[in-house]
Amino acid sequence: MEANGGPGDPPAERGSPGLTPEEGARARAEFAALHGPALRASGVPERYWGRLLHKLEHEVFDAGEMFGIMQVEEVEEESEGEAAREVRRKKPNPGSELCYKVIVTSENGLQAANPNSIFLIDHAWTCRVEHARQQLQQVPGLLHRMANLMGVEFHGELPSAEAVDLVLEEMWRFSQTYQLSHGTAEEKVPVWYIMDEFGSRIQHSDTPSFATAPFFYMPQQVAYTLLWPLRDLDTGEEVTRDFAYGEADPLIRRCRLLPWVPADMLDISSSTPEPPDQHYQAILEENKEKLPLAISPVAYPHDHIFRVYTDVQQVLSHLTHPRFTFTQSEADADILYNFSHFKDYRRLSQERPNVLLNQFPCENLLTVKDCLASIARRAGGPEGPAWLPRTFNLRTELPQFVSYFQQRERRGQDNHWICKPWNLARSLDTHITRSLHSIIRHRESTPKVVSKYIESPVLFLREDVGRVKFDIRYVVLLRSVKPLTLFVCDVFWLRLSNRPFALDDLDDYEKHFTVMNYDPEVVLKQVHYDEFIPEFEKQYPEFPWKSVQGEIFQAFTELFQAACAKPPPLGLCDYASSRAVYAIDLMLKWDDRPDGRRVMQPQILEVNFNPDCERACRYHPTFFNDVFSTLYLDEPSNCHVSRLV
């Protein structure tokens, strides 16, 4: 921590040196306009803003004049629980440990009312999780610095795999997170950072003396952590912060503090029944979706030419059926085929009930991962059905998850998990881990679910690579909710990993993920369904594809029956003018039945609204003709689709 400001700093009420009072006031007003919303959201009192601007402009790191770092020896306490002692034994360097504290060293103490009592903390390391290992291996000096900061023993000059793994595990006790609110989906993926040696030595307290918050200073495009006191402190008092800041629920606090305060959660039930009705009502309100009024199904003449309004380029390029024509005017359209979600179904039902749509009210129950897990429990009880990996909503089911994780650990069962945002596609911000600390901390970034990672997937032998993971994408067409009418396209799509599967190198994307078509650097291996089926049956002669696909279709049927079993907002809305196309991604896993039989169990991974149909159009030019004939003409008979329900 540099100490390059100090006693000679200009008093608080003046602006930067060399500015007139008017210019100083203007600079502060501009700063407040640009950064005020973020500072208010973080709870930074306005009395500090003027001095904060000065310290940011001049890079004043003056914490060294107010605080000192003290080494204390941590001794095992009599009152310490068994869980804590066990964690201590597993530490990289067990035994009596050196622990650090930050204390106030200024002989006059520290006054919260003093406008100068706000401090900048530098960040020693900033990364996105998927780049962490590579940076530790390649950035000169980074591994050494992190190992020192975290108390991980590190010998020699070259990064050893063991030291890298230890730092990657320990980092969850030191990392903080923020995310950018603007930019592409990739740019909005959360960023994790570790404060410098000073900031990282500040310990936890349930009654903290200080608050901290990440702060992005736009003029310099630099992130800092801000530190300010919550009360006056005397010389020698400890600087602490609350590692579970803002969490009032005692049970959730215990879970969130597990990386630092070990606790045994085995007494908590891991059962996750379906959430109450209010949960779905709240989601409807949060989505600002207005449910439609009941309407009668519209009957068009048999030779009617439908005017289609769409912003989906693949439809514009590939829909050639003579009974559909495109219009530039939304007001003239018989069919609105939109890429983005409709919100005000009520108005549509009142003003244009005859207009057909390409989506259903409340379909987020299928397409958002936490909702999918909730409604699936209608088919499989509190544990969920056999066709969905065991899934917990980290926002609402953290204690149940921690208990389940610890139960599996105690029984020696596999504990690989995959952490996914509720609502991002293409595997963005998705992480595979065995670290409970990592999963608990990921809850602090974007809303996430955690699902059991499939540790025994059915693999496919690629001649050029070996036995790899694969997933399958089916496109399903929902014609109506009541009665439930569901079709599946006869063509399905395969995505394969590029490296042989093994339960290691969990951050090796090409070993554990199958989505390869968005990265120009990565090889995309295409296998078509008609090549796949005979090859699959050759590799697994006792599993004819027809029976495997029968199990898959049974899972789809049960999923849609569950999604349509209750009225909206607890289920999909029965709106007579709605139709929809969804893509369902799934894998197959090996499962042992009680009678000793080994079976291939389908595992639904996610359901996508308005999926990318580029490959479908390229290899099957009639794809959208089939979709539109089935959904809008009710003429599926000459199309490449099969009726499921």
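Residues numbered from 1 in each chain as written. Predicted model: local features only at pLDDT ≥ 70, side-chain atom pairs only at ≥ 80, totals over all residues. Heavy atoms only, no water.

1. Structural notes on the overall build of the protein chain
Turning to step 1, where the next piece is worked out: A tally of helices and strands in the protein chain yields 20 helices and 26 strands.
Turning to step 2, where the next piece is worked out: What you see for the protein chain is a C-alpha radius of gyration of 29 Å, in line with the 26 Å of a compact globule of 645 residues.
Turning to step 3, where the next piece is worked out: Taking the principal axes of its C-alpha atoms as reference, the protein chain extends roughly 90 × 65 × 45 Å.
Turning to step 4, where the next piece is worked out: Within the protein chain, the fraction of its 645 residues that count as buried is 52%.
Turning to step 5, where the next piece is worked out: Summarising the internal contacts of the protein chain: among those between residues at least 6 apart in sequence, 69% fall at separations of at least 24. (Helix = DSSP H or I, 4+ residues; strand = E, 2+ residues; numbered from the N terminus. Rg over C-alpha atoms; globule rule 2.2 N^0.38 Å. Buried < 20%, exposed > 50% of the residue type's maximum accessible area, 1.4 Å probe, protein only. Contact = heavy atoms within 4.5 Å.)

2. Overview of the state of the cysteines
Turning to step 1, where the next piece is worked out: As enumerated under the stated definition, the model contains zero disulfides in all.
Turning to step 2, where the next piece is worked out: Not part of a disulfide, cysteine 371 finds its nearest cysteine sulfur in cysteine 362, a span of 9.8 Å.
Turning to step 3, where the next piece is worked out: Cysteine 617 takes part in no disulfide bond, and the closest cysteine sulfur to it belongs to cysteine 613, at a distance of 6.0 Å. (Disulfide = S-S within 2.5 Å.)

3. Focus on the pattern of salt bridges
Turning to step 1, where the next piece is worked out: Within this structure, the stated rule accounts for 34 salt bridges.
Turning to step 2, where the next piece is worked out: One network of salt bridges, in which partners are shared, links Asp471, Arg473, Arg495 and Asp585. (Salt bridge = Lys/Arg side-chain N within 4 Å of Asp/Glu carboxyl O.)

4. A closer look at the packing of aromatic side chains
Turning to step 1, where the next piece is worked out: By the definition in use, this model includes 41 aromatic pairs.
Turning to step 2, where the next piece is worked out: Directly above the ring of tyrosine 280 sits arginine 378, whose terminal nitrogen or CZ lies 5.6 Å from the centroid.
Turning to step 3, where the next piece is worked out: Taking NZ or CZ as reference, arginine 390 lies 4.9 Å from the ring centre of tyrosine 404, over its face. (Phe/Tyr/Trp six-rings, centres within 6.5 Å; stacked < 30°, edge-to-face > 60°. Lys NZ or Arg CZ within 6 Å of the ring centre and 35° of its normal.)

5. A short note on the packing of helix α17 (residues 529–539) against helix α18 (residues 545–563)
Turning to step 1, where the next piece is worked out: One can describe the packing of α17 onto α18 by two numbers: an axis separation of 10 Å at closest approach and a directional angle of 110°. In terms of axis orientation, α17 runs roughly perpendicular to α18. The residues of α18 that touch α17, namely those facing Phe532, Ile533, Phe536 and Glu537, are Trp545, Lys546 and Val548.
Turning to step 2, where the next piece is worked out: By residue class, the composition of the contact of α17 with α18 is five nonpolar, no polar and two charged. (Axes fitted to C-alpha atoms, helices over the stretch in contact; angles between N-to-C directions. Parallel < 35°, antiparallel > 145°, perpendicular 65-115°, else oblique. Nonpolar A, V, L, I, M, F, W, Y, C, P; charged D, E, K, R; others polar.)

6. Describing the environment of alanine 163
Turning to step 1, where the next piece is worked out: Relative to the assigned elements, alanine 163 resides in helix α6 (residues 161–170).
Turning to step 2, where the next piece is worked out: Note on alanine 163: relative accessible area 4%, which makes it buried.
Turning to step 3, where the next piece is worked out: Distance in space between the C-alpha atoms of alanine 163 and glutamine 137 is 9.9 Å, their sequence separation being 26 residues.

7. Quick look at the domain arrangement of the protein chain
Turning to step 1, where the next piece is worked out: With domains assigned, the protein chain is organised as domain 1 (32–72 + 97–247) and domain 2 (248–272 + 390–453).
Turning to step 2, where the next piece is worked out: For domain 1 and domain 2, the distance between their C-alpha centres works out to 25 Å.
Turning to step 3, where the next piece is worked out: Counting residues at the interface gives 23 residues for domain 1 and 22 residues for domain 2.
Turning to step 4, where the next piece is worked out: Summed over both sides, the interface of domain 1 with domain 2 buries roughly 2000 Å², with 55% coming from carbon and sulfur.
Turning to step 5, where the next piece is worked out: Taken together, domain 1 and domain 2 are joined by three salt bridges.
Turning to step 6, where the next piece is worked out: Linking arginine 253 and aspartate 242 is a salt bridge whose minimum nitrogen-to-oxygen distance equals 3.0 Å.
Turning to step 7, where the next piece is worked out: Between the two partners, domain 1 and domain 2, sit 10 residue pairs in polar contact (both at pLDDT 80 or more).
Turning to step 8, where the next piece is worked out: It is strand β5 (residues 175–178) that provides the largest number of residues to the side of domain 1 that touches domain 2, a total of three residues. (Domains from an automatic or database assignment. Buried area = accessible area lost by both parts, 1.4 Å probe. Polar contact = N/O pair within 3.5 Å; in protein donor to acceptor, adjacent residues only side chain to side chain.)

8. A short note on the sheet that holds strand β6 (residues 191–195)
Turning to step 1, where the next piece is worked out: Across the sheet, three strands lie side by side as β4-β6-β5; this open sheet has antiparallel pairing. The open sheet has two edge strands with one neighbour each: β4 (123–127) and β5. Across this sheet, the average inter-strand angle for adjacent strands is 30°, counted without regard to direction.
Turning to step 2, where the next piece is worked out: Set on the sheet, helix α5 (residues 142–150) makes contact with β4 and β6; between it and β4 the angle comes to about 115°. (Pairing = 2+ DSSP bridges.)

9. Here we look at the pairing of strand β21 (residues 470–480)
Turning to step 1, where the next piece is worked out: Most of β21 sits inside the fold, with 11 of its 11 residues counted as buried.
Turning to step 2, where the next piece is worked out: Bridge count between β21 and strand β23 (residues 493–496): four bridges; the pairing is antiparallel. Within the sheet, the bridge partner assigned to arginine 473 lies in β23 and is tryptophan 493.
Turning to step 3, where the next piece is worked out: Bridge count for β21 against strand β24 (residues 580–592) is seven bridges, and the pairing is antiparallel. Note that in β24 the partner of arginine 473 across the bridge is aspartate 585.

10. Some thoughts on helix α14 (residues 398–411)
Turning to step 1, where the next piece is worked out: Here α14 contains 14 residues, and its C-alpha end-to-end distance of 20 Å stays within 8% of the 20 Å for a straight helix at 1.5 Å per residue.
Turning to step 2, where the next piece is worked out: In terms of burial, α14 is a largely internal element, 11 of the 14 residues being buried.
Turning to step 3, where the next piece is worked out: Regarding α14, the residues found buried are Leu398, Pro399, Gln400, Phe401, Val402, Ser403, Tyr404, Phe405, Gln406, Gln407 and Arg408.
Turning to step 4, where the next piece is worked out: On its buried face, α14 sits against α8 (250–256), β15 (391–393), β16 (417–421), α15 (436–442) and β18 (448–452).
Turning to step 5, where the next piece is worked out: The positive-phi residue at the C-terminal boundary of α14 is glycine 412, with phi of around 70°. (Expected span 1.5 Å × (residues − 1).)

11. With respect to the nonpolar core
Turning to step 1, where the next piece is worked out: Core analysis: the biggest nonpolar cluster contains 65 residues, and Phe470, Tyr474, Phe536, Trp545, Phe560, Tyr582 and Leu588 have the highest contact counts within it.
Turning to step 2, where the next piece is worked out: Among the elements that take part in this core, α18 stands out by supplying nine residues, more than any other.
Turning to step 3, where the next piece is worked out: Discounting chain neighbours no more than four positions away, the residues touching phenylalanine 560 are Leu366, Val476, Leu478, Leu484, Leu486, Tyr582 and Ile584.
Turning to step 4, where the next piece is worked out: Ranked by size, the runner-up nonpolar core spans 28 residues in total, among them Val312, Leu319, Ile335 and Phe628. (Core = buried A, V, L, I, M, F, W, Y, C linked by side-chain atoms within 4.5 Å.)

12. Let's talk about the sheet that holds β18
Turning to step 1, where the next piece is worked out: Within the open sheet, the four strands sit side by side as β15-β18-β16-β17. Their pairing is antiparallel. Two strands in the sheet have a free side with no partner beyond their single neighbour: β15 and β17 (431–433). Averaged over all pairs of adjacent strands, the angle between strand axes in this sheet comes to 25°, irrespective of strand direction.
Turning to step 2, where the next piece is worked out: Two strands pair when backbone bridges link them, and β16 and β17 are joined in this way by three bridges, in the antiparallel orientation. Among the inter-strand pairings, tryptophan 417 is bridged to a residue of β17, identified as threonine 433.
Turning to step 3, where the next piece is worked out: Packed onto the sheet, helix α13 (residues 369–380) meets β15, β16 and β18 and runs at close to 120° relative to β15.

13. Some remarks on the environment of glutamate 383
Turning to step 1, where the next piece is worked out: Mapping glutamate 383 onto the fold places it in the loop between α13 and β15.
Turning to step 2, where the next piece is worked out: By relative accessible area, which is 41% here, glutamate 383 ends up partly exposed.
Turning to step 3, where the next piece is worked out: In this structure, the C-alpha to C-alpha distance between glutamate 383 and threonine 272, residues 111 residues apart in sequence, is 6.5 Å.
Turning to step 4, where the next piece is worked out: Residues contacting glutamate 383, with those up to four places away along its chain left out, are Ser271 and Arg390.
Turning to step 5, where the next piece is worked out: At 3.3 Å, the side chain of glutamate 383 forms a polar contact with the side chain of arginine 390.

14. Notes on unusual backbone geometry
Turning to step 1, where the next piece is worked out: Residue lysine 482 is joined to proline 483 through a cis peptide bond whose omega torsion reads -5°.
Turning to step 2, where the next piece is worked out: Structurally, proline 483 can be placed in the loop between β21 and β22 (485–489).
Turning to step 3, where the next piece is worked out: Cis peptide bonds are those with omega within 30 degrees of zero, and the linkage from proline 568 to proline 569 qualifies with 5°.
Turning to step 4, where the next piece is worked out: Position of proline 569 relative to the elements: it lies in the loop between α18 and β24.
Turning to step 5, where the next piece is worked out: Even without glycine at this site, cysteine 362 takes up a positive phi of about 70°.
Turning to step 6, where the next piece is worked out: Following the sequence through the fold, cysteine 362 ends up in the loop between β14 (356–357) and α12 (364–367).
Turning to step 7, where the next piece is worked out: With phi around 55°, aspartate 634 is a residue other than glycine that occupies positive phi space.
Turning to step 8, where the next piece is worked out: Along the chain, aspartate 634 turns up in the loop between α20 (623–632) and β26 (641–643).

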